[in-house]
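Residue-level listing of the chains:
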Amino acid sequence: MSDSYELLVAKLKRVHVLGTVAGLLGWDEQVNLPPDSADQRGEQMALLAELNHDAASDAGIGKLLGELENAPASLTVEQQVVVRETRRDYDRMTKLPAEFVAEKARLSSAAYHAWAEAKATSDFAAYAPFLCKHLALAKREATYLGWADRPYDYAIDKHDPGMTAARLTALFTELKAGLVPLVRAIAASPIKARTDIFRGFPVEAQRDFLREVTERLGFNYRRGRIDVSLHPFCEGSGADIRMTTRFDADNPLDSLFSSIHETGHGLYEQGLPLALQGTPLGQNAGMGIHESQSRLWENQVSRSREFWAFFEPRFREKFPAQLAAVSPEELYLAVNEVAPTLIRVDSDEVHYNLHILLRFELEQRLFADDLAVADLPVAWNALSQELLGLTPTSDRQGVLQDVHWSGGAFGYFPSYCLGNMIAAQLWFTVLKTLPGLEDDFAKGDFSRLLGWLRTNIHEQGRRYDTLALVLNVTGEELTPKYLLRYLQERYAPLYLK
Ligand code: ZN
């Protein structure tokens, strides 16, 4: 039986290596590719996608899985996890007819271009037919996988294993009840952060500073790097993590915090067990958990007083003239700016969750046939007013702002908010477990936090689903109360004094 297991692992590693090559080409496309080389890259990527699909849906994997599932007693607990999770991946890979996969790929490509054009001209009607088709395909996909009666749950489970719309509704309802009063109170506060105080920060010095910060947080630059791209991202796994950032001389905090965010993703990937790469035990536990890692470093850690106690003198050393007229309190308030915006990606961490609640509500209604695609802009604007207190003046600032739906990625947005809730729950757990942790930060030492995350989250791979992992690590079911407590403790002293 161990022969079957070894054979299975060998096949999985092959799929994994092909995936890493495709990932590297994708990274290169966004970081280095000359403008007229896109067609050639497209061919390379298409061939790799085909090879990857063939390797991942290899009938030999199905046969080995069948054998191993019939003899669970011969497997260790870890091996059982690998078989269970591989089955999940394999079914998703093989239960979709080839013509369906091709149809979805064609639609996604066409819908992306239609979305980009519709966004540029703020013309939702031109994009709506593509969205209708994507919605129909999403329901068909759920049917192929055996979720015909719960297509939206299927979409959510794809990103966060085990999560359901009903569970999210309960979590988000409680979150909203606590969040809206806090947001309204901060909006009414006369205290406002000033971000126009940051002007003329040379890119080279910004690059040096963020390198120092991310290295201190624990990112291993011998197994990864950071480059520049239009939109920051983190790609790769195990021994080769590629992060990107972007620079704006008049907005150094954007570059710094997006780099810290990607570093959180990168630390997670670097902490997955290298020896188990290719198997589910060497892979991340889902989108919500991944996002909890980026948010924890970006928000709980790097917006703290202790973090800035250590890094502010270094920041000033790099930019003495630019910061000469900025007081420590002005700097700290700018780091923790709260101001409503229509655009999700520009949002501060207090408002951010409301942007997600809006999208979750609309996705639910779309899947329940409770809302027609044509009526989406009106519904979006009404919810935007209700939650954010702002109504978009064009669809570009509203329903057309995100790329996700053009790729058929429904059920993806909730992961961001889940990530915020999980990050806060982990945060209060680690503060209790490791006394004096924040004092470490003031000394520039983040190693105890990273070590705790390594043991409790990173090294677990895909052993547990989202909710079970949170329960195991924190001793409590996932709840929004820690996110609410964190936001209250961070922002009330700044804005509501
Ligand atoms: Zn992220």
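Check the entry above for the structure.
Please read all numbers here as calculations on a predicted model, not as lab measurements. (Residues numbered from 1 in each chain as written. Predicted model: local features only at pLDDT ≥ 70, side-chain atom pairs only at ≥ 80, totals over all residues. Heavy atoms only, no water.)

(A) Structural context of the coordination of the zinc ion. For the zinc ion, the full set of protein donor atoms is His261 (NE2), His265 (NE2), Glu291 (OE) and Glu291 (OE), at a range of 2.1 to 2.8 Å. Relative to the metal, the four donor atoms surrounding the zinc ion lie at angles of 49 to 125°, and the coordination shape comes out irregular. Positions of the donor residues of the zinc ion along the chain correspond to the pattern H-x3-H-x25-E. Residue His265 is located in helix H10 (residues 252–271), and its partner Glu291 is located in helix H11 (residues 287–301); the two are separated by 26 residues in the primary sequence. (Donors = N, O, S within 2.8 Å, 3.2 Å for Na, K, Ca; no water. Tetrahedral: all angles 85-135°; square planar, octahedral: opposite > 155°, others 65-115°. Helix = DSSP H or I, 4+ residues; strand = E, 2+ residues; numbered from the N terminus.)

(B) View of the sheet that holds strand S2 (residues 234–237). Strand order in this open sheet of three strands is S1-S3-S2, and the pairing throughout is mixed. Looking at the sheet topology across the chains shown, the edges are occupied by strand S1 (224–228) and S2. Taking each pair of neighbouring strands and ignoring which way they run, the sheet shows an average axis angle of 15°. Summarising the sheet, S2 and strand S3 (residues 240–245) pair through four bridges and their orientation is antiparallel. Residue pairing in the sheet places Ser237 in a bridge with Asp240 of S3. Relative to S3, H10 is tilted by about 165°, and along the sheet it contacts S1, S2 and S3. (Pairing = 2+ DSSP bridges. Axes fitted to C-alpha atoms, helices over the stretch in contact; angles between N-to-C directions. Contact = heavy atoms within 4.5 Å.)

(C) Summary view of the packing of helix H1 (residues 2–31) against helix H2 (residues 38–56). Following both chains from N to C, one finds H1 and H2 inclined at 160°, their axes separated by 9 Å at the closest point. Taken together, H1 and H2 sit at an angle that is classed as roughly antiparallel. Considering how the two elements wind past one another, H1 and H2 form a crossing that is left-handed. Contacts from Arg14, Val15, Leu18, Gly19, Val21, Ala22, Leu25, Gly26, Asp28 and Glu29 in H1 reach Arg41, Gln44, Met45, Leu48, Leu51, Asn52, Ala55 and Ala56 in H2. Considering only residue class, the contact of H1 with H2 consists of 10 nonpolar, four polar and four charged. (Parallel < 35°, antiparallel > 145°, perpendicular 65-115°, else oblique. Left-handed = near helix turned anticlockwise from the far one by under 90°. Nonpolar A, V, L, I, M, F, W, Y, C, P; charged D, E, K, R; others polar.)

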